Amino acid sequence: MKKQRKFLIGAAALVATVGYLAVTGMKDSMIYYHTPDELAAKLAADPSAREMTVKIGGRVVPGTVDSDARTLDLRFTVVDIASGKTRFPVHYNGPVPDTFEEGRDVVVTGRYTADGTFEATHLLTKCGSRYEAAEGDFRA
C-alpha cells in the first residue's frame, strides 16, 4: 500500500510537470493571425493590443516598396486582400525572400507601433497554390 501511494504521488507530479511545460511552451509560441481589417478593428477596440506580437497577412501594394540592399532595410505597405481598404506601412530589416515582389501576398510577424508602422521581425512570402509549366515547355 505504501509503495502504491509513492508511485501515485510520483506519477501525479510527473503528469503535472509535463502539463505545465506543455501549456507554457504553447503560450510562448502562439501568435495570433489577423488580416489588416481585423487588426485595425482590434486596435480600435483595445489600444493595448499594440503590445502583442501578431501575424498579419495581406498584399504588398504596388509602388510602395522601398529597399536598401546595403542595410537590408525594407519598407512597404500591406493592404487587406479581401476588402482592399485597410493599409499598414511595414518596416522590416533582414533578408528578403526571393519571391518577394509588389502585388505578392505576404505574412509579416511583429508589432504595430504607436507611430502607425508595423515593425516586422519576420517576413514570409506566399507562393501560388500551384505551379504550372510555361506553355513553351511542352513543345518539343
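Before reading on, note that the structure itself is shown above.
This text gives an overview of the structure that appears in the document. (Residues numbered from 1 in each chain as written. Predicted model: local features only at pLDDT ≥ 70, side-chain atom pairs only at ≥ 80, totals over all residues. Heavy atoms only, no water.)

**Describing the packing of aromatic side chains**
- Under the counting rule described, the total for this entry stands at two aromatic pairs.
- Relative to Tyr-112, the ring of Phe-88 has its centre 4.9 Å away and its plane inclined at 65 degrees; by these criteria the two rings are edge-to-face. One end of the pair, Phe-88, is in strand β5 (residues 87-93); the other, Tyr-112, is in strand β6 (residues 105-112), with 24 residues separating them in the sequence. Accessibility assignment for this pair places Phe-88 and Tyr-112 in one class, buried. (Phe/Tyr/Trp six-rings, centres within 6.5 Å; stacked < 30°, edge-to-face > 60°. Helix = DSSP H or I, 4+ residues; strand = E, 2+ residues; numbered from the N terminus. Buried < 20%, exposed > 50% of the residue type's maximum accessible area, 1.4 Å probe, protein only.)

**A closer look at the side chain of Asp-105**
- Structurally, the position occupied by Asp-105 is in strand β6.
- Side-chain polar atoms of Asp-105 contact the side chain of Arg-59, separated by 2.6 Å.
- Not counting residues up to four positions away in its chain, the partners in contact with Asp-105 are Gly-58, Arg-59, Ile-81, Leu-124, Thr-125 and Lys-126. (Polar contact = N/O pair within 3.5 Å; in protein donor to acceptor, adjacent residues only side chain to side chain. Contact = heavy atoms within 4.5 Å.)

**Observations regarding the nonpolar core**
- Judged by nonpolar contacts, the single largest core of 19 residues is most densely connected at Ile-56, Phe-76, Val-108, Phe-118 and Leu-123.
- Those elements giving two or more residues to this core turn out to be α2 (36-45), β2 (54-60), β4 (73-79), β5, β6 and β7 (118-125).
- Those residues in contact with Phe-118, other than ones at most four positions away along the chain, are Leu-39, Val-54, Ile-56, Pro-89, Val-90, His-91, Val-108, Thr-109, Gly-110, Arg-111 and Tyr-112. (Core = buried A, V, L, I, M, F, W, Y, C linked by side-chain atoms within 4.5 Å.)

**Thoughts on the pairing of β2**
- Most of β2 is tucked away, with five of its seven residues classed as buried.
- Where strand β1 (residues 32-34) lies against β2, three bridges are found, and the strand directions are parallel. Its bridge partner being in β2, Tyr-33 is matched across the sheet by Lys-55.
- What joins β1 to β2 is α2, and the crossover it makes is right-handed.
- Direction of pairing for β2 relative to β6: antiparallel, over a ladder of six bridges. Looking at the pairing, Val-54 lines up with Gly-110 of β6.
- Direction of pairing for β2 relative to β4: antiparallel, over a ladder of two bridges. (Pairing = 2+ DSSP bridges. Right-handed = clockwise from strand over helix to strand, strands pointing away.)

**Describing the environment of Pro-89**
- The residue Pro-89 is located in strand β5 in this model.
- A residue is classified by how much of its surface remains accessible, and Pro-89, at 36% relative accessible area, is partly exposed.
- Along the sequence, Pro-89 and Glu-101 sit 12 residues apart, while their C-alpha atoms lie 15 Å from each other.
- Residues in contact with Pro-89, not counting those within four places in the same chain, are Phe-76, Thr-77, Gly-116, Thr-117 and Phe-118.

**Notes on the pattern of salt bridges**
- Counting across every chain of the model gives three salt bridges.
- Arg-59 is paired through a salt bridge with Asp-105; the nearest N and O atoms lie 2.6 Å apart. Taken together, the positions of Arg-59 in strand β2 and Asp-105 in strand β6 put the pair 46 residues apart, joining distant regions of the chain.
- Residue classification places Arg-59 among the partly exposed positions, given a relative accessible area of 31%. (Salt bridge = Lys/Arg side-chain N within 4 Å of Asp/Glu carboxyl O.)

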